[in-house]
Amino acid sequence: MISIEKLTKSYQLKNRRHYVFRDLNLHFPEGTNIGIIGPNGAGKSTFLRLLGGIDYPDCGRIRTDKSFSWPLGLQGGFVRHMTGRGNCRMICNLYGLGREVMREKLEVVKSLSGIGHYFEEPVQTYSSGMSGRLGFALSMAFDFDYFLIDEITSVGDAHFKKLAKEALETKARSSKVIMVSHSMADLKKFCDLGVLIKDGKLTVYKDLDEAISHYLPGKPQISTVATSGPERDLQGLFLDDVEISQGMDSLWQEIEGLLHSINQKLALPNFRIEQNIAGFFAQLGTVYFQLNDWQKAIHFHHRALSDNPDFIPSLQQLVVLYGHLGRKIDKKVTLEKLGRLAPENPRFLVEKTKKCLAAENREEALRLLEILLDSHPEHPEAQSLKARILFEQEHVEAALHLQANLLKTHPETPAYYLQLGRFLAALGRYEEALKAEWKAASIGSSFPEKKYQSIGHTLGNLDRSLTF
Amino acid sequence: MNTEEAKGETIRRQSPWQIQRAVVFGVFNRELANRFGRFSLGYIWAPLEPLLYITVLSVIRTQLASGPIAGIHPVVFFASGVLPFILFQIVQVTSLSCVESNTGLFNYQRVKPADIFAARFLLEVLIILTVALLLFPCLYFFGMEFVLNDFLYLLVVSVLFLMFVAGLGLICTVMGPFWNESKKILPNFIRPFFFISGIFFPLSDIPPEMRERLTWNPLLHALELFRHAAFEGYQVSPEVSLNFLFWSALLSLTTGLVVYRLCRVKIVTSGTIK
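Residues numbered from 1 in each chain as written. Chains lettered and ligands numbered in written order. Predicted model: local features only at pLDDT ≥ 70, side-chain atom pairs only at ≥ 80, totals over all residues.

On to the overall build of chain A. A tally of helices and strands in chain A yields 19 helices and ten strands. Across the 468 residues that make up chain A, the buried fraction comes to 37%. By sequence separation, contacts in chain A at least 24 residues apart represent 61% of the contacts at least 6 residues apart. (Helix = DSSP H or I, 4+ residues; strand = E, 2+ residues; numbered from the N terminus. Buried ≥ 20, exposed ≤ 12 C-beta atoms within 10 Å, placed from the backbone. Contact = placed C-beta atoms within 7 Å.)

Counting secondary structure elements, chain B contains eleven helices and zero strands. Classification of the 274 residues of chain B by burial places 39% in the buried group. Relative to all contacts within chain B whose residues are 6 or more apart in sequence, the contacts with residues 24 or more apart total 80%.

We now examine the interface of chain A and chain B. Often, the extent of an interface is quoted as the loss of accessible area upon association of its parts. Contact residues are listed per partner, giving 27 residues for chain A and 31 residues for chain B. At the level of secondary structure, the elements contributing two or more residues to the side of chain A that touches chain B comprise strand 1 (2-12) and helix 2 (84-94) of chain A. Sorting elements by how many residues they give to the side of chain A that touches chain B places helix 2 of chain A first, with five residues. Looking at side-chain class alone, the side of chain A that touches chain B contains 14 nonpolar, eleven polar and two charged residues. (Nonpolar A, V, L, I, M, F, W, Y, C, P; charged D, E, K, R; others polar.)

Now for the sheet that holds strand 3 (residues 34-37) of chain A. Residues and elements named next belong to chain A. If you walk across this open sheet you meet the five strands as 5-6-3-7-8, and the pairing is mixed. The outermost strands of the open sheet, each flanked by one partner alone, are strand 5 (146-150) and strand 8 (201-205). For this sheet, the mean inter-axis angle between neighbouring strands, taken without regard to orientation, is 15°. Pairing analysis gives five bridges linking strand 7 (residues 193-198) to strand 8, with the strands arranged antiparallel. Bridged to Leu 196 within strand 8 is Thr 203. (Pairing = 2+ DSSP bridges. Axes fitted to C-alpha atoms, helices over the stretch in contact; angles between N-to-C directions.)

Here we come to the nonpolar core. In terms of nonpolar packing, the biggest core is built from 132 residues, with Ile 36, Ile 178 and Met 179 of chain A together with Val 165 and Ala 222 of chain B touching the most fellow members. In this structure, Ala 222 of chain B is in contact with Pro 84, Val 157, Phe 161, Phe 164 and Leu 245 of chain B, ignoring residues within four places of it in sequence. Ranked by size, the runner-up nonpolar core spans 40 residues in total, among them Ala 282, Phe 289, Leu 315 and Leu 466 of chain A. (Core = buried A, V, L, I, M, F, W, Y, C linked by C-beta atoms within 7 Å.)

Another point: helix 11 (residues 312-325) of chain A. For helix 11 of chain A, which comprises 14 residues, the first-to-last C-alpha distance of 20 Å matches the rise-based estimate of 20 Å (1.5 Å per residue) to within 8%. Residues of helix 11 of chain A that are buried: Ser 314, Leu 315, Gln 316, Gln 317, Leu 318, Val 319, Leu 321 and Tyr 322 of chain A. (Expected span 1.5 Å × (residues − 1).)

Pairing between the strands of a sheet is mediated by backbone hydrogen bonds and can be parallel or antiparallel. Residues and elements named next belong to chain A. Taken in spatial order, the three strands make up an open sheet running 2-1-4, and their pairing is antiparallel. Each edge of the open sheet is held by one strand with a lone partner, namely strand 2 (17-28) and strand 4 (59-64). Ignoring strand direction, the axes of neighbouring strands in this sheet form an average angle of 20°. Note: strand 1 against strand 2, eight bridges, orientation antiparallel. Opposite Ser 3, over in strand 2, you have His 27 as the bridge partner.

Detailed conclusions should not be drawn from predicted coordinates in areas where pLDDT is low. Residue and element names in this part refer to chain B. Mean pLDDT over chain B works out to 86, with 92% of the residues at or above the 70 mark. Here helix 1 (residues 2-12) is the element of chain B with the lowest mean pLDDT, 47, and helix 11 (residues 242-263) is the one with the highest, 95. Note on residues 1-7: pLDDT is under 50 here. Beyond four places in sequence and across chains, it has five contacts. Overall fold confidence for the complex sits at a pTM of 0.64, while the interface term, ipTM, reaches 0.76. (pLDDT = per-residue confidence, 0-100.)

Listed below in structure tokens is the structure:
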């Protein structure tokens, strides 16, 4: 139980008194993770310090029977000329840890903080991120009822974040967090309850999302950009004659507007992504891939990978992109990594199958396809490849059967119709082969409306999850 | 994972005494490292200051006169005066910065200025005690003989003296953060006491009509009583009184505790005028 009664806290400034909180009355329910949001200087950190019992209000009181960690902030309460280990030992002493337990905990702290040999160096040689991480790792050695986290999840690489999350989750059964962060994604990961501190007011929301929606400014107006006119090079080409239907026109304008808005927000120094960062960039990369801008697609997939180097969807698509661009070495490296991380991954198996086929190793190729089709029986590319191998092994009937089935579920891909046509021709069914080719051509000439609709949809979601 | 939760319980359910002990021990280790860890041959520097004082005083004395001072060897006399005085001085001066030099430690809820003061006080007392326990046997061994008079009495005087020093130290702990200039003023204020606290003269050497002006100083009483309790044959003047030291110690410690108690929240609260 934490209840706050008539709490007032102020600071003396040069010629006036600044009230952070005035006559605050609050009650936090038992066993909730609390996320605190608010603009800079609103008193979030002060609130944590008051809760943690290291700062005192002017009047009023905080009643609680819980234990609190020290606020886990960027500076960390370390003695600068002492080593990381020395500091940790001192703090373990402060909390009365026994010798044996301490030795054990210090090793855990060292590995969790991920600062390596710096653990034996004076803290003054650390970057602020490092001392923050050390402070966090150290606090995990104790079983506080509440961990007071002040922006600490924003430091550290993906690896540390993952470890930190795991460490907090193992604590979560017995301990809760009270967390200040500007990253809505981090808050959403950990917190149930939202507290908004703004303009000297502290409001508790039953739901974190509600607090966030009260805090963040509304969705910015999407400015539609005028599409640049056709350049001189293109004059006289057929492009001018192409007419896109009215519906497509507005869809395209929406897509362009969304792309513009997203890129504008990404250019801001303080943008926030309210979902998995790697996932966000991978989706954006995929959109650019679908829009045929391969360089941008590669760029955004790389950004996804810089957040999470093991992000499989991006690796998968990069393999395809490098393949299209003929960047053989990049493709090989990426593919190897993908294979290491996920040996059962469909993209990896498909590429490996293609390699086997190029080397005319059909048995191996077939074996790989069976593995793939076992886990993904509907995988179109695998089915198509299998049909091709069957055809090459002169099981033409079986190949035709497979290809026809594939087209029933994936009627939108021209290449599949072309392959069907080849099978039919081999059986001497020329008329049907001709029809298949005609079908393929007619699909190719129609506007891929659905594709652009799904692009618009994806972009809408991405734009909503990007705030600043 | 019941054991994990049980550990959490033990951290929360520590008794105030356990917490106090753990904190003072933790801060003590830090202060120890802070005091000596930064210099090479760190521990050698601890007795340097008192030894320097004693040497200078002894050299001056040998130029002026010879023979014992009030019945004991001059070097022993100086040593017994210098060591308590240095303890007094260093505790006051370091107490002034207890709060400011440890803002990082106040990040931990358990650590309060009094803990830092206690750790520093303990450290300084132990240093002086160690120096004394090494120095006096050495002096004895080198022929400056003395005989222990009354150990129990020495113990009583020591306790009263430490109470006196601790009380003033607590006042300094509170004064430091509130009055910044005190860090400049106090050392200068303490220095003259070197000349009037009977470090290099016994009260019995002062003409009786002058003695009254010196005996308001509790330090003088403490130093004279130390010698009286420690060395057989030391001629202590009748104005020196254990009673006076007792009341000074009590007053000092009471004032210190009351002042600290009243200000304990304010000195670590942010946003108050400092």
